[in-house]
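If you want the building blocks of each chain, they are given just below.
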Amino acid sequence: MKLLITVKFHTALKRYCPQNDGMLQLQYIEGLNVKKLLEQLNLNNGAVGLVLVNGKIASREIQLMKGDYVELFPIFGGG
């Protein structure tokens, strides 16, 4: 069983990723939720507009599990 969480940074959020490819693998920590993950990544500044966990829209309170695939998208603008 995977003990990692994979995080994919999309578009403008790639600048927050220490890896040039926009992908990051983190050790799973018991009790980790999306909000805590964003804080750990220094992304609690409102830059993230949409979070997908395993392809489904996720709220900040969703508990993450071992092997989850998290995608982070910036705030979208337009009108």
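Residues numbered from 1 in each chain as written. Predicted model: local features only at pLDDT ≥ 70, side-chain atom pairs only at ≥ 80, totals over all residues. Heavy atoms only, no water.

## Some words on the side chain of D68
For clarity, the cut-off: By the criteria applied, helices consist of DSSP H or I runs no shorter than four residues and strands consist of E runs no shorter than two, each listed in order from the N terminus. Partly exposed describes any residue whose relative accessible area lies between the buried limit of under 20% and the exposed limit of over 50%, with all areas from a 1.4 Å probe on protein chains only and scaled to the type maximum. Any N or O atom pair separated by 3.5 Å or less is treated as a polar contact, with the protein-specific requirement of one donor-capable and one acceptor-capable atom, and with residues adjacent in sequence counted only for side-chain atom pairs.
Tracing the backbone shows D68 in the loop between β4 (56-57) and β5 (69-74). On the basis of relative accessible area, D68 is assigned to the buried category, the value being 7%. A polar contact of 2.8 Å, which involves the side chain of D68, links it to the side chain of N54.

## Regarding the side chain of K8
Convention followed: Positive charges are assigned to Lys and Arg, negative charges to Asp and Glu, while His and the chain termini are left out of the count. Counted as salt bridges are all cases of a side-chain nitrogen of Lys or Arg within 4 Å of a carboxyl oxygen of Asp or Glu. Any two residues having at least one pair of non-hydrogen atoms within 4.5 Å are treated as being in contact.
On the secondary structure map, K8 appears in strand β1 (residues 4-9). Of the side chains with opposite charge, D21 lies nearest to the buried K8, which makes no salt bridge, at 7.0 Å. The residues touching K8, leaving out its near neighbours within four places in the chain, are D21, G22, M23, Y69, V70, E71 and L72.

## Here's the deal with the nonpolar core
Note the cut-off: Working definition of a nonpolar core: buried Ala, Val, Leu, Ile, Met, Phe, Trp, Tyr and Cys residues. They are joined through side-chain atoms within 4.5 Å.
Counting 22 residues, the largest nonpolar core has V7, F9, L41, L43, V70 and L72 as the members making the most contacts within it. Only β1, β2 (23-27), α1 (34-40), β3 (48-53) and β5 provide two or more residues apiece to this core. Aside from chain neighbours lying at most four places away, what touches V70 is I5, T6, V7, K8, L37, V51, L52, V53 and L64.

## So, unusual backbone geometry
Positioned with a positive phi, N42 is a non-glycine residue whose angle comes to about 60 degrees. Note on placement: N42 falls in the loop between α1 and β3. Positive phi outside glycine occurs at N54, with the angle close to 55 degrees. Taking the relative accessible area as the measure of exposure, N54 reaches 45% and is therefore partly exposed.

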